[in-house]
Amino acid sequence: MSSHIDLHCHSTVSDGILAPAALVRHAAAQGVKVLALTDHDDVRGLDEAKQVEDELGIRLINGVEISVTWNKRTLHIVGLKISPDFAPLLAGLASIREGRHIRAEGMAEGLSKIGIGGSLQGAYAHVGEGGLISRTHFARFLMEHGYAKDTRSVFKNYLVKGKPGYFEHRWANIEDAMSWILESGGIPVLAHPGRYDLGRTNMLKLLSEFREMGGMAIEVVTGSHTKDQYQEFARLAHQFDLLASVGSDYHGAAHSYMEMGRLPDLPAGCVPVWHDWVETADLH
Ligand code: AMP
Ligand code: MN
Ligand code: MN
Ligand code: MN
């Protein structure tokens, strides 16, 4: 049984391949009934996505995936049901996007030191109109020029810590990002906790601090977790009294960990983050 609910995906507003409306169409065609568009550090796709909502009979949830720094590590916090007009949220996201430009220059400089020229322009050429710049766009540039055969190896060889295209960056303060989400009426969800490679002690510390800061849910079923991690994070959600979320983290065909509409149900015992949402009442 696969879930009809997908609370994490990306459009061309960040590093996805499909424009917001095309993404919603794709989700609907894959059988998704409730969808949250969660672009990195931007909410500008939500209006376009909403325009096809009724026509497709899908329910859209306002979302965003915010890049934050916690103890010198980069984490992603998904905000669900945020208000896309809340000024402090918009100002915070704008400042993260500004930081991304500076970081991109640093990345390009690192790449030029190993003889890879033109990566700044080349990466921006893959950015959608008004969209933000990310490592994904550098990955596409590097692949296009034959530096790597697939996304996995391009990240591993060029774009992660210790590699030439990696540039240390300070993202939003986690407490600030949590308050933007909470004060805009949203639900803070820790995205793909299994991806952070924290070790047991730091993971427990993170979950406990996240909850104290007002965190309400963690992603249990996500395209970037293994089946074992579904169980592991289902247990941790229970232990920390956090709700459980589900999302494909879809970025487009061949650019994703998982297709939409293929996510398994949450493990037994999880309390879904949507347990009290009216949008999902007809899906129970
Ligand atoms: P950024 O926010 O600019 O650091 O870019 C992060 C994005 O890069 C993530 O949201 C993913 O879409 C993508 N990404 C990170 N690591 C990998 C990887 N190993 N393979 C494929 N995509 C990745
Ligand atoms: Mn991404
Ligand atoms: Mn993420
Ligand atoms: Mn994501």
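Residues numbered from 1 in each chain as written. Chains lettered and ligands numbered in written order. Predicted model: local features only at pLDDT ≥ 70, side-chain atom pairs only at ≥ 80, totals over all residues. Heavy atoms only, no water.

Undergrad: In this structure, what is going on with the site of ligand 1? I would like to understand it.
TA: Surrounding ligand 1, one finds D15, H40, R100, R103, S134, R135, T136, T151, F155, H251 and Y257. In the environment of ligand 1, an oxygen atom lies 3.2 Å from a nitrogen or oxygen atom belonging to the side chain of T136. Within the side chain of H251, a nitrogen or oxygen atom sits 2.9 Å from an oxygen atom of ligand 1. Burial of ligand 1 by the surrounding chains reaches 83%, relative to a free accessible area of 500 Å². By residue class, the composition of the shell around ligand 1 is two nonpolar, five polar and four charged. Of the residues that make up the shell around ligand 1, three or more belong to each of domain 1 (2-87 + 174-283) and domain 2 (94-159). (Near = heavy atom within 4 Å. Polar contact = N/O pair within 3.5 Å; in protein donor to acceptor, adjacent residues only side chain to side chain. Areas by Shrake-Rupley, 256 points an atom, 1.4 Å probe, with all protein chains shown as cover. Nonpolar A, V, L, I, M, F, W, Y, C, P; charged D, E, K, R; others polar. Domains from an automatic or database assignment.)

Undergrad: What exactly am I supposed to notice about the nonpolar core here?
TA: For soluble globular proteins, nonpolar side chains are generally found buried alongside one another. Counting residues in hydrophobic clusters, the biggest one holds 71 residues, and the most contacted among them are L7, L35, I66, L80, I218 and V220. Per element, the largest residue contribution to this core is six residues, and it comes from strand 3 (residues 59-70). Apart from residues no more than four positions distant in its own chain, L7 is found in contact with V34, A36, T38, I61, V78, L80, S245, V246, G247, V273, W274 and W277. Grouped together as the second largest cluster of nonpolar side chains are 16 residues, A104, A123, A139 and V154 included. (Core = buried A, V, L, I, M, F, W, Y, C linked by side-chain atoms within 4.5 Å. Buried < 20%, exposed > 50% of the residue type's maximum accessible area, 1.4 Å probe, protein only. Helix = DSSP H or I, 4+ residues; strand = E, 2+ residues; numbered from the N terminus. Contact = heavy atoms within 4.5 Å.)

Undergrad: Looking at this model, I keep getting lost on the coordination of the manganese ion (ligand 4). Mind explaining?
TA: As a benchmark, a tetrahedral metal site with four donors has ideal angles of 109.5 degrees, while an octahedral site with six donors has ideal angles of 90 or 180 degrees. The protein atoms donating to the manganese ion (ligand 4) are H8 (NE2), H10 (NE2), E65 (OE) and D249 (OD), with metal-donor distances spanning 2.1 to 2.2 Å. Here the donor residues of the manganese ion (ligand 4) share one chain and are spaced in sequence as H-x1-H-x54-E-x183-D. Separating the manganese ion (ligand 4) from the manganese ion (ligand 2) is a gap of 4.6 Å. Linking H10 in the loop between strand 1 (5-6) and helix 1 (20-29) with D249 in the segment after strand 8 (243-247), this pair joins segments that are 239 residues apart in sequence. Looking at D249, the relative accessible area reads 3%, which means it is buried. (Donors = N, O, S within 2.8 Å, 3.2 Å for Na, K, Ca; no water.)

Undergrad: What am I meant to see in the coordination of the manganese ion (ligand 2) here?
TA: Donor atoms from the polypeptide that bind the manganese ion (ligand 2) are D15 (OD), H40 (NE2) and H251 (NE2), placed at 2.1 to 2.2 Å. Binding-site remark: the manganese ion (ligand 2) is held by donors from one chain whose sequence spacing is D-x24-H-x210-H. Distance-wise, the manganese ion (ligand 3) is placed 5.6 Å from the manganese ion (ligand 2). Here H251 lies in the segment after strand 8 and H40 lies in the loop between strand 2 (34-37) and helix 2 (46-51), a separation of 211 residues in the sequence. For the pair shown, H40 and H251 are each scored as buried.

Undergrad: Would you explain helix 1 in this entry?
TA: Because each turn of an α-helix spans 3.6 residues, side chains separated by three or four positions in sequence point in the same direction. When we look at burial in helix 1, the residues that qualify are P20, A21, L23, V24, H26 and A27. If you follow the buried residues of helix 1, they end up packed against strand 2, helix 2, helix 3 (53-56) and strand 3. Following helix 1 by one or two positions, G31 has its phi on the positive side, about 95°.

Undergrad: Just checking my understanding: could you explain the domain arrangement of the protein chain for this structure?
TA: For interface size, the figure often reported is the accessible area lost on association. Here the domain parsing of the protein chain yields domain 1 (2-87 + 174-283) and domain 2 (94-159). When each unit is reduced to the centre of its C-alpha atoms, the spacing between domain 1 and domain 2 is 25 Å. Between domain 1 and domain 2, the residue contacts involve 14 residues of the former and 11 residues of the latter. Summing both sides of the interface, domain 1 and domain 2 together bury roughly 1000 Å²; the carbon and sulfur share of this comes to 45%. When the buried area of domain 1 at its contact with domain 2 is split by residue, D15, D41 and R44 rank highest and sum to 42% of it. Viewed at the interface, domain 2 and domain 1 are joined by two salt bridges. One salt bridge connects R97 with D42, and the closest N-O pair in it is separated by 3.4 Å. Counting the contacts that link domain 1 with domain 2 gives nine residue pairs in polar contact (both at pLDDT 80 or more). (Buried area = accessible area lost by both parts, 1.4 Å probe. Salt bridge = Lys/Arg side-chain N within 4 Å of Asp/Glu carboxyl O.)

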